[in-house]
Amino acid sequence: MREIRVPLPGRDVSYRLVIEPGLRHRLGPLLSAFKFPPQLVVISDRRVARLHGAAVLASLSAAGFAPALLTTPPGERAKTWAVVQRLAREFLQRGAHRRTAVIALGGGVVGDLSGFLASIFMRGLPVIQAPTTLLAMVDAGIGGKTAINLPEGKNLLGTFHQPKLVVIDPEFLGTLPRAERLNGLAEVLKAGFIRDRDLLERLHAARTGIFQDEAALTETIYRAAAIKAQVVAADEREGDLRRILNFGHTLGHGLEQASRFRLPHGRAVAWGMVAGLTLSARLAGLDPAEAEWGRGLIRDCGLCRPLPELNPAEVMAALRLDKKRQETGVPFVLVPRLGEAVIEDDVPLGLVREVLEKMLGQGAGG
Ligand SMILES: NC(=O)c1ccc[n+]([C@@H]2O[C@H](COP(=O)([O-])OP(=O)(O)OC[C@H]3O[C@@H](n4cnc5c(N)ncnc54)[C@H](O)[C@@H]3O)[C@@H](O)[C@H]2O)c1
């Protein structure tokens, strides 16, 4: 079993992230070894519960736990106050108390929602993240950010609530649809671009074949998760270092918004990274050949299908609405070398627009 320890800055505690294929069948003994209390509530969405709920509950029960399974609708629509309230009342009906632990079994939606509820129910229950999407394994499940949405926007209500444990079983990805795999692959690429050139080389060797090779997939998840863990350990609460995790996301959010969220998150981030590499070559000294190699890698991973027709002015307007925007420029994460990131606080909006228009007009060239 591979393990990553995530220290919490300024506090004398840490939590562990453990990763091993098939771990869902050994969850019960694992939680016993970590001395979790007997009463557990597993929160999952209905799709994940149908596919994987039985295996998880069987392992927990066999180890002497008394798990209850509560489910939510799949997808972003579950991240609402109404669902939080309904789950909280079900907690009470099942006799949950302050020593009940919550297991978030699902993608980032279940992780955010369960983490949020766990952080406020009776002023805080321990939460175990058991991510089942690649995105949640390498990103959402690590770092303790929780959130639900309001009609006015995404993630507007949230807390920081660090998990007690993150349990990653790469075999969950066997049932994950291709589009969801690609969403996660974009975050793996991002981790490589900002911190780990060697991870990029590995992806280059494997491309999307990574999902057919269990050992390579496990190693990839481990490395990408370790990068997220390192960054959040050094900077738990959105300071400067944590901002490097936004590589590809500034423009990515603009593209997503201008497409009215028809463009999947992973593809939006991928195009944001394509632009980020181009801007890095123009402004941060990234070798143009390296920038092209990086863009080629994103394409080869299947993430650069042509963009829908988008109005550049609308994409730019979405950037301008960003709360971090400044007058003449916009903050951008750039990579002076592949595997290293810096924050450039004032990237001229005119240059961003030029790169964006070229990208929208040209396909994946950047
Ligand atoms: N807290 C953070 O730091 C953080 C970071 C990034 C994203 N997020 C949040 O994460 C959410 C997106 O997460 P996501 O991409 O994992 O989406 P998701 O949780 O909606 O999962 C995507 C879909 O895949 C299905 N699914 C999940 N695991 C499966 C499996 N093993 N087999 C088959 N189907 C499976 C789900 O039912 C769902 O329909 C967003 O709400 C975003 O705001 C949070």
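Remember, it's a predicted structure, so these values are computed and weren't measured experimentally.

Quick look at the side chain of T220
Stage number 1. Along the polypeptide, T220 turns up in helix α8 (residues 214-234).
Stage number 2. Once residues within four sequence positions are removed from consideration, T220 is found in contact with V188, L199, L203 and I210.

Describing the site of the ligand
Stage number 1. Around the ligand, 27 residues are found, and the nearest of them are R47, E76, T132, T133 and T175.
Stage number 2. Here an oxygen atom of the ligand and a side-chain polar atom of E76 are 2.7 Å apart.
Stage number 3. In the model, a nitrogen atom of the ligand is placed 2.9 Å from a nitrogen or oxygen of the F172 main chain.
Stage number 4. When isolated, the ligand has an accessible area of 870 Å², and the protein chains bury 89% of it.
Stage number 5. Sorting the residues of the shell around the ligand by element identifies α2 (46-62), α4 (108-120), α5 (134-140) and β8 (153-160) as the ones contributing at least two each.
Stage number 6. Among the elements that take part in the shell around the ligand, α2 stands out by supplying 4 residues, more than any other.
Stage number 7. Among the residues forming the shell around the ligand, the class breakdown is 9 nonpolar, 8 polar and 10 charged.

Some words on the pairing of strand β11 (residues 340-348)
Stage number 1. For strand β10 (residues 329-337) and β11, the ladder comprises 6 bridges, and the chain directions are antiparallel. Directly across from R337, in β11, lies its bridge partner E340.

A word on the pattern of salt bridges
Stage number 1. One pass over the structure, following the stated rule, counts 24 salt bridges.
Stage number 2. Here K154 makes a salt bridge to E76, at a shortest N to O gap of 3.7 Å. Within this pair, whereas K154 is found in strand β8, its partner E76 is found in the loop between β4 (66-72) and α3 (81-93), the two being separated by 78 residues in sequence.
Stage number 3. For E354, the salt bridge identified is with R282, shortest N-O distance 3.1 Å.

Section: the sheet that holds β4
Stage number 1. If you walk across this open sheet you meet the 7 strands as β1-β2-β9-β6-β5-β3-β4, and the pairing is mixed. The open sheet has two edge strands with one neighbour each: β1 (2-7) and β4. Mean inter-strand twist for the sheet, computed between neighbouring axes without regard to direction, equals 20°.
Stage number 2. In this structure, strand β2 (residues 14-19) lies alongside strand β9 (residues 165-168), joined through 4 bridges in parallel fashion. In the sheet register, V18 faces β9, and the bridge partner there is V167.

Structural notes on the nonpolar core
Stage number 1. One finds L31, L189 and I298 to be the most contacted residues of the largest nonpolar core, which totals 99 residues.
Stage number 2. Not counting residues up to four positions away in its chain, the partners in contact with L31 are F36, L40, L60, F65, I103, I128 and L165.
Stage number 3. Judged by nonpolar contacts, the second largest core, of 22 residues, contains A96, V109, V110 and I148.

Structural notes on the environment of L279
Stage number 1. Relative to the helices and strands, L279 resides in helix α10 (residues 265-283).
Stage number 2. Spatially, the C-alpha atom of L279 lies 35 Å from that of Q162, the residues being 117 residues apart in sequence.
Stage number 3. The contact partners of L279, leaving out residues within four places of it in the chain, are A284, F332, L334, V347, L351, V352 and V355.

Points about a nonpolar patch on the surface
Stage number 1. A contiguous nonpolar surface patch, about 430 Å² in accessible area, is contributed by W81, I120, L150, L156 and L157.
Stage number 2. Here I120 is to be found in helix α4.
Stage number 3. When its relative accessible area of 37% is taken as the criterion, I120 is described as partly exposed.

A look at α2
Stage number 1. Over its 17 residues, α2 extends 23 Å from the first C-alpha to the last, a length consistent with the 24 Å expected when each residue adds 1.5 Å.
Stage number 2. Taking the largest bend as the criterion, α2 deviates by roughly 60°, centred on H52.
Stage number 3. Among the residues of α2, those classed as buried are V48, A49, H52, G53, V56, S59 and L60.
Stage number 4. For α2, the elements touching its buried residues are α1 (27-33), β3 (39-45), β4 and β5 (101-106).
Stage number 5. Of the residues flanking the start of α2, the one acting as N-cap is D45, its side-chain oxygen 3.0 Å from the backbone nitrogen of R47.
Stage number 6. Backbone geometry just downstream of α2 places G64 in the positive-phi region, at approximately 95°.

Reading guide: rules and limits
Residues numbered from 1 in each chain as written. Predicted model: local features only at pLDDT ≥ 70, side-chain atom pairs only at ≥ 80, totals over all residues. Heavy atoms only, no water. Helix = DSSP H or I, 4+ residues; strand = E, 2+ residues; numbered from the N terminus. Contact = heavy atoms within 4.5 Å. Near = heavy atom within 4 Å. Polar contact = N/O pair within 3.5 Å; in protein donor to acceptor, adjacent residues only side chain to side chain. Areas by Shrake-Rupley, 256 points an atom, 1.4 Å probe, with all protein chains shown as cover. Nonpolar A, V, L, I, M, F, W, Y, C, P; charged D, E, K, R; others polar. Pairing = 2+ DSSP bridges. Salt bridge = Lys/Arg side-chain N within 4 Å of Asp/Glu carboxyl O. Axes fitted to C-alpha atoms, helices over the stretch in contact; angles between N-to-C directions. Core = buried A, V, L, I, M, F, W, Y, C linked by side-chain atoms within 4.5 Å. Buried < 20%, exposed > 50% of the residue type's maximum accessible area, 1.4 Å probe, protein only. Patch = residues over 30% accessible without salt bridge, like charges linked within 9 Å, V, L, I, M, F, W, Y side chains within 5 Å. Expected span 1.5 Å × (residues − 1). Bend = angle between axes of the 7 residues up to and from the residue.

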